[in-house]
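Read off the chains here:
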Amino acid sequence: MQHCGPRLPRSFFDREVDVVARDLLGRVISNACDGGPVAVRLTEVEAYAGQDDPASHAFRGPTPRTTVMFGPPGHLYTYFVYGMHWCANIVAGPDGSASAVLLRAGEVVGGLEQARLRRPRITGDHQLARGPAGLASVLGFDRSTNGADLCVPAGDLAALDGAPPLPGAVRIGPRVGVAVGAEMLQRFWIDGDPTVSAFRAWTQRRRTRP
DNA sequence: ATTAGGATCTTCT
DNA sequence: GAAGATCCTAATG
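Since the structure is predicted, the reported quantities are computational estimates derived from the model, not experimental observations. (Residues numbered from 1 in each chain as written. Chains lettered and ligands numbered in written order. Predicted model: local features only at pLDDT ≥ 70, side-chain atom pairs only at ≥ 80, totals over all residues. Heavy atoms only, no water.)

Asks: Explanation requested: unusual backbone geometry in the structure shown.
Replies: With the exception of glycine, most residues fall at negative phi, and the peptide bonds are largely trans. One non-glycine residue with positive phi stands out, namely tyrosine 82, at about 50°. Looking at where tyrosine 82 falls in the secondary structure, it is placed in the loop between strand E3 (76–81) and strand E4 (85–92). Of the residues examined, tyrosine 82 reaches a relative accessible area of 58% and is grouped as exposed. If you check the backbone angles, alanine 98 has positive phi at about 65° while not being a glycine. When you line up the elements, alanine 98 lands in the loop between E4 and strand E5 (99–110). (Helix = DSSP H or I, 4+ residues; strand = E, 2+ residues; numbered from the N terminus. Buried < 20%, exposed > 50% of the residue type's maximum accessible area, 1.4 Å probe, protein only.)

Asks: Sorry, what's going on with the pattern of salt bridges here?
Replies: Where side chains of opposite charge bring their charged atoms close, a pairing between them can arise. Applying the stated criterion across every chain, the model contains 12 salt bridges. Of the charged contacts in the structure, one is a salt bridge between glutamate 107 and arginine 41, with a shortest N-O distance of 2.8 Å. Pair noted here: glutamate 107 is in strand E5 and arginine 41 is in strand E2 (residues 38–48), with a separation of 66 residues, a long-range link. Owing to a relative accessible area of 33%, glutamate 107 belongs among the partly exposed residues under this scheme. For the salt bridge of arginine 104 with glutamate 46, the shortest nitrogen-to-oxygen distance reads 3.9 Å. With arginine 104 in strand E5 and glutamate 46 in strand E2, this residue pair connects regions lying 58 residues apart in the sequence. (Salt bridge = Lys/Arg side-chain N within 4 Å of Asp/Glu carboxyl O.)

Asks: For this particular structure, what's the right way to read helix H2 (residues 17–24)?
Replies: Along an α-helix, residues three or four positions apart point the same way, because every turn accommodates 3.6 residues. When H2 is considered as a whole, its buried residues turn out to be Val17, Val20, Ala21 and Leu24. Angularly, the buried residues of H2 cover 100° about the axis, an arc narrow enough to put them on a single face. Packed against the buried residues of H2 are helix H1 (10–13), E2, E4, E5 and strand E8 (187–190). (Arc of directions from axis to C-beta. Contact = heavy atoms within 4.5 Å.)

Have a look at this one:
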């Protein structure tokens, strides 16, 4: 499999975050680290608009965790959630805007065997990268890939051109699982694609301990 | 088909 | 100390 083909230029990511998010649909992202290569065609993404967005990790200013978000676009921002999952974003917008696109779902189009090994409980290949944690898992995105530069032709990580979705095939709606800023229509997905995750509105989580 | 709950731990308040 | 950009299984209608 060709996993280090043409990369998107920095200018691709240096636009309004929702424009970048929309334009990432149908593109292929790949990673060859640690046993790869695995490639995923993106079918669902969400935009987070930096310090203007109450749902963004960057809303309250820079912290150790969000350092990468405040840097130049085109880098990977990974974070750990709920004590067990990693999720991956691509930093977008001008340098310092702290915006990012959460990669929510996609179709595995390369390295299927490796992807299956990384998600042994999944039955049905279109579920392998359905949901942000599953997508990150399949691609091997974790702490070790935080800050990786998608625009530099070194290493094993690449954002490749893919077939763009047909006109009218992109749908827009509220983001999944966000408590604040829920009214913002910043989720983009390819209509009818079986790999798109199920929408779940935010609900109060029960306390795990008395 | 839909919902409820548990697992598990980092991050910032 | 509390909440969180989730996933999976089990129970229920």
